[in-house]
Amino acid sequence: MNAAGTHANRVRKVVFPVAGLGTRFLPATKVVAKEMLPVLDRPLIQYAVDEAVDAGADTLVFVTNRYKHAIADYFDSAYELEETLERAGKHELLSLIQGLLPPHVRCVYVTQEQALGLGHAVLCAKPVIGDEPFGVILPDDLIVGEGGSALRQMVDLAAVEDAGVLAVEEVPREDTGKYGIVDVGGAHDSAAAIRHVVEKPQPEHAPSNLAIVGRYVLPARIFELLEGTRPGAGGEIQLTDAIDALIAESKVLACRFAGTRFDCGNKSGLVRATLHFAMQDPALAKVAREFMA
Ligand code: G1P
């Protein structure tokens, strides 16, 4: 806390890169944005946004493409639907759709004109973020935190350590080519200083099997570094490469959050997440158990 009694490092803004095409879920994603795919009755983006709000965010920045209006429509008020529910006396449903976001939270939409990579998507949010630390959530990675959301755990760590923070998790060695991989120089606790990060290394070149899993707390300095980042793995401007440059000049920690991640960027992860939430609901848990028996 500074002399004015405010948290200088508080993360108020969270960026959601949501311009991707979601080809793994075609044909559904021909018309449905992948972030709108439901886990039970809530779209993936709702879980991500709830996590940001839990972490203290009041400004949600969606980096989208010009074809994707579903997310803005979802968070917008639906006057006709609301009036119909009101007239029908369906007050519970009405407050459900009116309460998708707390009143103090606002949404900002930024267009990524060309699909040049995750780093480029984050850079598109620069004019909205300005000069403060911010969070990034990739909604494909649905994380059920223990004792607070994953992003909250990271934001707390970032404030205490005055550092950037990346969420990490061990993945099978053969999967390193799907992730940004961190090098923390051997065994470590729940938080460790990162020495190096590399995007999607093949297993034989990976410095570890500790993968970045879709949550970041970063200083605004990352934007200048992104501006100087050349296309990397897959010919894309990679956030990981800019973070590697950041590590050379300031502290960035790997955080093994307490919680469970579901990789909803693929079908098996979406099934697991759906089963996880179904098992929390006694009636659905019964249905699931009977079906599996
Ligand atoms: C992105 C990042 C990668 C990270 C991954 C987590 O990759 O570039 O560093 O490990 O998200 O889900 P993508 O899944 O977009 O290829």
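Preceding this section is the structure that the text describes.
Residues numbered from 1 in each chain as written. Predicted model: local features only at pLDDT ≥ 70, side-chain atom pairs only at ≥ 80, totals over all residues. Heavy atoms only, no water.

## Some details on the site of the ligand
So, step 1. Taken together, Leu118, Leu138, Asp141, Tyr179, Gly180, Glu199, Lys200, Ile212, Gly214, Tyr216, Gln238 and Thr240 make up all the residues around the ligand.
So, step 2. The separation between an oxygen atom of the ligand and a polar side-chain atom of Asp141 is 2.8 Å.
So, step 3. At 2.7 Å, a side-chain N or O of Glu199 approaches an oxygen atom of the ligand.
So, step 4. Coverage of the ligand by the protein amounts to 73% of the 380 Å² it exposes when considered alone.
So, step 5. Counting atoms within 2 Å of the grid points, the majority share of the ligand lands in the largest pocket.
So, step 6. Residue contributions to the shell around the ligand peak at three residues, all from strand β12 (residues 210-218).
So, step 7. Taken together, the residues of the shell around the ligand sort by class into five nonpolar, four polar and three charged. (Near = heavy atom within 4 Å. Polar contact = N/O pair within 3.5 Å; in protein donor to acceptor, adjacent residues only side chain to side chain. Areas by Shrake-Rupley, 256 points an atom, 1.4 Å probe, with all protein chains shown as cover. 1 Å grid on protein atoms, 1.4 Å probe; cavity = no way out; pocket = protein on both sides within 12 Å on 5 of 7 lines; lining within 4 Å. Sits in = over half its atoms within 2 Å of the grid points. Helix = DSSP H or I, 4+ residues; strand = E, 2+ residues; numbered from the N terminus. Nonpolar A, V, L, I, M, F, W, Y, C, P; charged D, E, K, R; others polar.)

## Topic: the packing of aromatic side chains
So, step 1. Counted by the stated rule, this structure contains six aromatic pairs.
So, step 2. Between Tyr47 and Phe277, the ring centres sit 5.0 Å apart and the planes meet at 45 degrees, which makes this aromatic pair tilted. Residue Tyr47 is located in helix α1 (residues 44-54), and its partner Phe277 is located in helix α10 (residues 267-279); the two are separated by 230 residues in the primary sequence. Side by side, Tyr47 and Phe277 carry an identical accessibility label, which is buried.
So, step 3. For the pair Phe62 and Phe75, a centre-to-centre distance of 5.6 Å together with 25 degrees between the ring planes defines the contact as stacked. One end of the pair, Phe62, is in strand β4 (residues 59-64); the other, Phe75, is in helix α2 (residues 70-75), with 13 residues separating them in the sequence.
So, step 4. A relative accessible area of 14% places Phe75 in the buried class.
So, step 5. Each residue in the set Phe16, Phe62, Tyr74, Phe75 and Tyr109 is aromatic and connected to the rest through ring pairs, giving one cluster.
So, step 6. Its end group placed over the ring of Tyr47, Arg42 keeps NZ or CZ at 4.3 Å from the ring centre. (Phe/Tyr/Trp six-rings, centres within 6.5 Å; stacked < 30°, edge-to-face > 60°. Buried < 20%, exposed > 50% of the residue type's maximum accessible area, 1.4 Å probe, protein only. Lys NZ or Arg CZ within 6 Å of the ring centre and 35° of its normal.)

## Some points on helix α9 (residues 239-247)
So, step 1. Here α9 has its buried residues at Leu239, Thr240, Ala242, Ile243, Leu246 and Ile247. The buried side chains of α9 occupy one side of the element, clustering within an arc of 160 degrees when seen end-on. (Arc of directions from axis to C-beta.)

## Considerations on the layout of surface pockets
So, step 1. Of the volumes computed, that of the largest pocket is approximately 1300 Å³.
So, step 2. Contributions of two or more residues to the lining of the largest pocket are made by α5 (118-123), β12 and β14 (259-263).
So, step 3. Considering every element that reaches the lining of the largest pocket, the biggest residue donor is β12, with four residues.
So, step 4. Of the residues that constitute the lining of the largest pocket, the class distribution is 16 nonpolar, 13 polar and 14 charged. (Points joined across faces, edges and corners; volume = space filled by probe spheres on them.)

## Topic: the nonpolar core
So, step 1. With 38 residues, the main nonpolar core has Leu166, Val182, Leu218, Ile222 and Ile243 as its most contacted residues.
So, step 2. Counting residues per element, this core draws most heavily on α9, at five residues.
So, step 3. Residues in contact with Leu218, not counting those within four places in the same chain, are Pro133, Phe134, Val136, Leu166, Leu239, Ile243 and Leu246.
So, step 4. Counting 36 residues, the second largest nonpolar core, distinct from the first, contains Met36, Ala55, Val105 and Val155. (Core = buried A, V, L, I, M, F, W, Y, C linked by side-chain atoms within 4.5 Å. Contact = heavy atoms within 4.5 Å.)

## What about unusual backbone geometry?
So, step 1. Residue Pro27 is bonded to the preceding Leu26 through a cis peptide linkage, with omega at 10 degrees.
So, step 2. The topology assignment puts Pro27 in the loop between β1 (13-17) and β2 (38-39).
So, step 3. Even without being glycine, Asp162 reaches a positive phi, approximately 50 degrees.
So, step 4. Structurally, Asp162 can be placed in the loop between α7 (150-161) and β8 (164-170).
So, step 5. With a phi angle near 50 degrees, Lys200 is a residue other than glycine that sits in the positive phi range.
So, step 6. Here Lys200 lies in the loop between β11 (196-199) and β12.

Read these as layout, nothing more, since geometry by itself doesn't imply function.
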